[in-house]
Amino acid sequence: MKLNVNRHRIAVRINWKYIAIGLAVLPFAAVFVAWLGFFNIGAASGHWRITELFLQLAMRSAVRTYAIGIEEPEAFDRGAILPAAGHFARGCATCHGAPGEPRPAMVKAMLPRPPRLERAVHAWDDAQLFRIVKRGIRFTGMPAWPTQMRDDEVWGMVAFLRRLPDLDPEEYRNLAYGPAKRSRASGFNGSFDAALAGCARCHGMDGLGRSAFVPVIAGQHRAYFVESLRAYAAGERASGIMELAATEADRKLWQRLAEYYASLPATEDEQSAADAERIARGRRIAQYGVPRRDIPACLGCHGRPDRNPVYPQLDGQKRPYLENQLRLFAEGERGGTDYAHLMTEFASRLERKEIESLAAYFASRQVQRGKAE
Ligand code: HEC
Ligand code: HEC
Ligand code: HEC
């Protein structure tokens with residue numbers, strides 16, 4: 001009896017030993033097999049059905065889990081959809097296709113194949129789409145958003161993706177390419193006209209911006225304009241949208257683009273009377289600052305183009321754009337030229353109401369034509 005038990009114990013011990021050895025050797029065996037080159041990493045043959053199901057399960061579960069706790073903005077302004085559509089045309093449609101634009105043949109040979117998003121977006125809620133677009137998907141070719149610094153652009157893209165299934169080719173082209181309706185195929189040939197047409201997709205040929213979130217660049221100071229393009233391209237001013245646009249245009253053309261837009265008249269919008277009080281409040285801060293909170297008079301820098309050509313022109317700029325930039329400065333997410341620190345020093349001390357008043361005030365100011373440098 002005693003002997004039996006002992007024998008049994010020995011048997012169990014030996015089993016464990018084998019398992020332990022097996023486990024220890026397994027990674028080496030796997031590396032060895034990989035080194036021999038037995039894993040088929042070719043994309044052409046596709047995955048086994050079971051592998052594919054497993055990978056899909058892992059991807060979908062991970063997105064679901066990581067999307068928990070993402071806070072959605074209350075409502076996203078529809079004006080953000082237009083620059084998102086413009087970005088989609090150059091940064092996403094190249095893989096995913098778009099209404100009226102098939103996926104390029106090369107992309108169809110990718111594994112996994114980038115899906116047509118008109119059909120795929122239904123499967124995800126907003127937070128999950130946000131997560132995918134912001135962080136990308138590993139091992140698939142699905143890239144992360146070019147900057148991780150700010151979320152508003154990504155939410156704009158989510159808003160656009162929600163609209164995508166309802167867009168016919170005509171509506172899509174109008175959003176993404178503007179009245180010129182150039183399609184992806186027309187591409188870039190490195191000429192000034194082609195670069196300008198690229199900018200005009202969002203900013204318009206008149207430089208007034210085709211939506212509330214695309215700034216007016218007509219009448220902007222040239223030095224600020226060129227320095228901003230440099231900052232975008234270098235990632236020193238965070239914007240996934242402008243980073244792509246700035247790097248697509250040949251650097252040698254930046255100065256000419258700046259000259260073209262600087263020479264155009266900025267908006268002459270009539271402000272509604274309802275804004276009068278807010279504008280007056282903004283004017284007071286712009287003229288005198290808020291000395292007790294160490295907030296300087298904005299016009300000390302922004303009212304005098306003779307002061308430094310890298311201080312941007314704010315007159316006639318769009319209200320939602322100005323508010324958004326001030327918020328980005330306040331949260332330390334704006335970046336910019338070598339002078340951007342002049343803004344970050346005090347922006348976090350501005351109250352929300354003050355930001356709204358200042359934006360209303362500068363939007364209402366008419367550009368002094370001929371003074372834009
Ligand atoms: C280089 C090619 C490529 C580019 C560029 C690209 N994607 Fe993707 N994307 C993929 C691939 C591949 C997948 C599939 C991943 C998978 O199935 O695991 C994917 C998946 C997605 C999904 C999830 C869809 C689903 O149900 O599988 C969304 C949403 C998405 N992409 C949005 C975008 C957006 C928005 C952009 C532009 C900002 C973009 N993608 C740019 C390759 C790309
Ligand atoms: C897909 C849309 C899109 C395209 C294309 C585009 N822009 Fe922009 N542009 C924007 C948006 C949106 C912003 C605001 C980004 C931010 O928040 O910093 C911006 C900002 C700018 C600014 C900074 C304005 C300021 O007041 O600080 C300049 C200068 C500019 N763009 C020039 C250009 C030029 C030149 C081109 C063409 C080479 C171009 N953009 C193409 C959407 C676009
Ligand atoms: C000491 C000079 C200085 C003062 C004072 C100043 N600014 Fe600025 N501001 C700048 C500079 C320089 C930039 C350009 C930042 C960059 O992109 O590098 C800027 C940029 C901005 C922008 C972004 C413009 C755009 O087109 O993207 C806004 C909005 C702005 N300032 C608002 C204000 C307001 C409102 C005040 C007053 C409360 C103010 N500024 C006071 C120097 C100043």
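Residues numbered from 1 in each chain as written. Chains lettered and ligands numbered in written order. Predicted model: local features only at pLDDT ≥ 70, side-chain atom pairs only at ≥ 80, totals over all residues. Heavy atoms only, no water.

(A) Spotlight on the pattern of salt bridges. Following the criterion strictly, the structure yields 18 salt bridges and no others. Glu-52 is the partner of Arg-49 in a salt bridge, and the nearest nitrogen-oxygen pair spans 3.3 Å. Pair noted here: Arg-49 and Glu-52 are both in helix α2 (residues 49-67), with a separation of 3 residues, about one helical turn. With a relative accessible area of 55%, Arg-49 lands in the exposed category. A relative accessible area of 34% places Glu-52 in the partly exposed class. The salt bridge partner of Arg-327 is Asp-152, with a shortest N-O separation of 3.8 Å. Here the residue Arg-327 occupies a position in helix α16 (residues 319-330), and Asp-152 occupies one in helix α8 (residues 152-163), the gap between them amounting to 175 residues. On the basis of relative accessible area, Arg-327 is assigned to the partly exposed category, the value being 30%. Owing to a relative accessible area of 13%, Asp-152 belongs among the buried residues under this scheme. A single salt-bridge network, built from bridges that share partners, covers Arg-150, Asp-152, Arg-327 and Glu-331. (Salt bridge = Lys/Arg side-chain N within 4 Å of Asp/Glu carboxyl O. Helix = DSSP H or I, 4+ residues; strand = E, 2+ residues; numbered from the N terminus. Buried < 20%, exposed > 50% of the residue type's maximum accessible area, 1.4 Å probe, protein only.)

(B) Summary view of the packing of helix α3 (residues 81-91) against α8. For the pair α3 and α8, the least separation of the axes is 8 Å and the interaxial angle reads 80°. With respect to each other, α3 and α8 are oriented roughly perpendicular. Contact residues: α3 offers Ile-81, Ala-84, Ala-85, His-87 and Phe-88, while α8 offers Gly-156, Met-157, Ala-159, Phe-160, Leu-161 and Arg-163. (Axes fitted to C-alpha atoms, helices over the stretch in contact; angles between N-to-C directions. Parallel < 35°, antiparallel > 145°, perpendicular 65-115°, else oblique. Contact = heavy atoms within 4.5 Å.)

(C) Structural context of the environment of Ile-285. In this structure, Ile-285 sits in helix α14 (residues 276-288). Residue classification places Ile-285 among the buried residues on the basis of a relative accessible area of 10%. The sequence separation of Ile-285 and Leu-299 amounts to 14 residues, and the corresponding C-alpha distance is 9.1 Å. Not counting chain neighbours up to four residues away, the residues in contact with Ile-285 comprise Val-290, Pro-296, Ala-297, Cys-298, Glu-354 and Leu-358.

(D) Main features of the packing of aromatic side chains. The tally for this structure, following the rule as stated, stands at 9 aromatic pairs. Measuring from ring centre to ring centre gives 5.1 Å for Phe-88 and Phe-160, while their planes differ by 55°; the resulting arrangement is tilted. With Phe-88 in helix α3 and Phe-160 in helix α8, this pair connects stretches of sequence that are 72 residues apart. Under the relative-accessibility criterion, Phe-88 is labelled buried at 1%. (Phe/Tyr/Trp six-rings, centres within 6.5 Å; stacked < 30°, edge-to-face > 60°.)

(E) Structural detail: α3. Of all the 11 residues making up α3, 10 are buried; the element is thus mostly covered by neighbouring parts of the structure. Among the residues making up α3, those that are buried are Ile-81, Leu-82, Pro-83, Ala-84, Ala-85, Gly-86, His-87, Phe-88, Ala-89 and Arg-90. Its buried side turned inward, α3 meets α4 (93-96), α6 (117-120), α8, α9 (169-177), α10 (192-203) and α12 (240-248).

(F) Focus on the site of ligand 3. Around ligand 3, the structure places 25 residues, and the nearest of them are Cys-298, Cys-301, His-302, Thr-337 and Met-343. A distance of 2.8 Å separates an oxygen atom of ligand 3 from a polar side-chain atom of Arg-334. Between an oxygen atom of ligand 3 and a side-chain N or O atom of Thr-337, the distance comes to 2.5 Å. Put simply, the parts of the chain that give the shell around ligand 3 at least two residues each are α15 (299-302), α16 and α17 (341-347). Sort the elements by how many residues they give to the shell around ligand 3 and α16 lands first, with 5 residues. (Near = heavy atom within 4 Å. Polar contact = N/O pair within 3.5 Å; in protein donor to acceptor, adjacent residues only side chain to side chain.)

(G) Representation of the coordination of the iron atom of ligand 1. Taken together, His-96 (NE2) and Met-142 (SD) make up the full set of protein donors to the iron atom of ligand 1, lying 2.0 to 2.1 Å away. Every donor counted, the 6 donor atoms about the iron atom of ligand 1 form angles of 86 to 178° at the centre, which fits octahedral coordination. Here Met-142 lies in the loop between α7 (126-135) and α8 and His-96 lies in helix α4, a separation of 46 residues in the sequence. (Donors = N, O, S within 2.8 Å, 3.2 Å for Na, K, Ca; no water. Tetrahedral: all angles 85-135°; square planar, octahedral: opposite > 155°, others 65-115°.)

(H) Structural context of the side chain of Arg-116. In this structure, Arg-116 sits in the loop between α5 (105-108) and α6. A residue is classified by how much of its surface remains accessible, and Arg-116, at 14% relative accessible area, is buried. Within the structure, Arg-116 has its side chain in polar contact with the backbone oxygen of Ala-98 (distance 2.8 Å).

(I) Structural detail: the packing of α3 against α12. Two elements in contact, α3 and α12, have axes whose closest approach is 10 Å; the angle formed by their N-to-C orientations is 50°. One way to sum up the angle between α3 and α12 is to call them oblique. You can see that α3 and α12 cross each other, and the crossing is left-handed. Contacts between α3 and α12 involve Pro-83, Ala-84, His-87, Arg-90 and Gly-91 on the former and, on the latter, Gly-240, Ile-241, Leu-244 and Glu-248. Looking at side-chain class alone, the contact of α3 with α12 contains 4 nonpolar, 3 polar and 2 charged residues. (Left-handed = near helix turned anticlockwise from the far one by under 90°. Nonpolar A, V, L, I, M, F, W, Y, C, P; charged D, E, K, R; others polar.)

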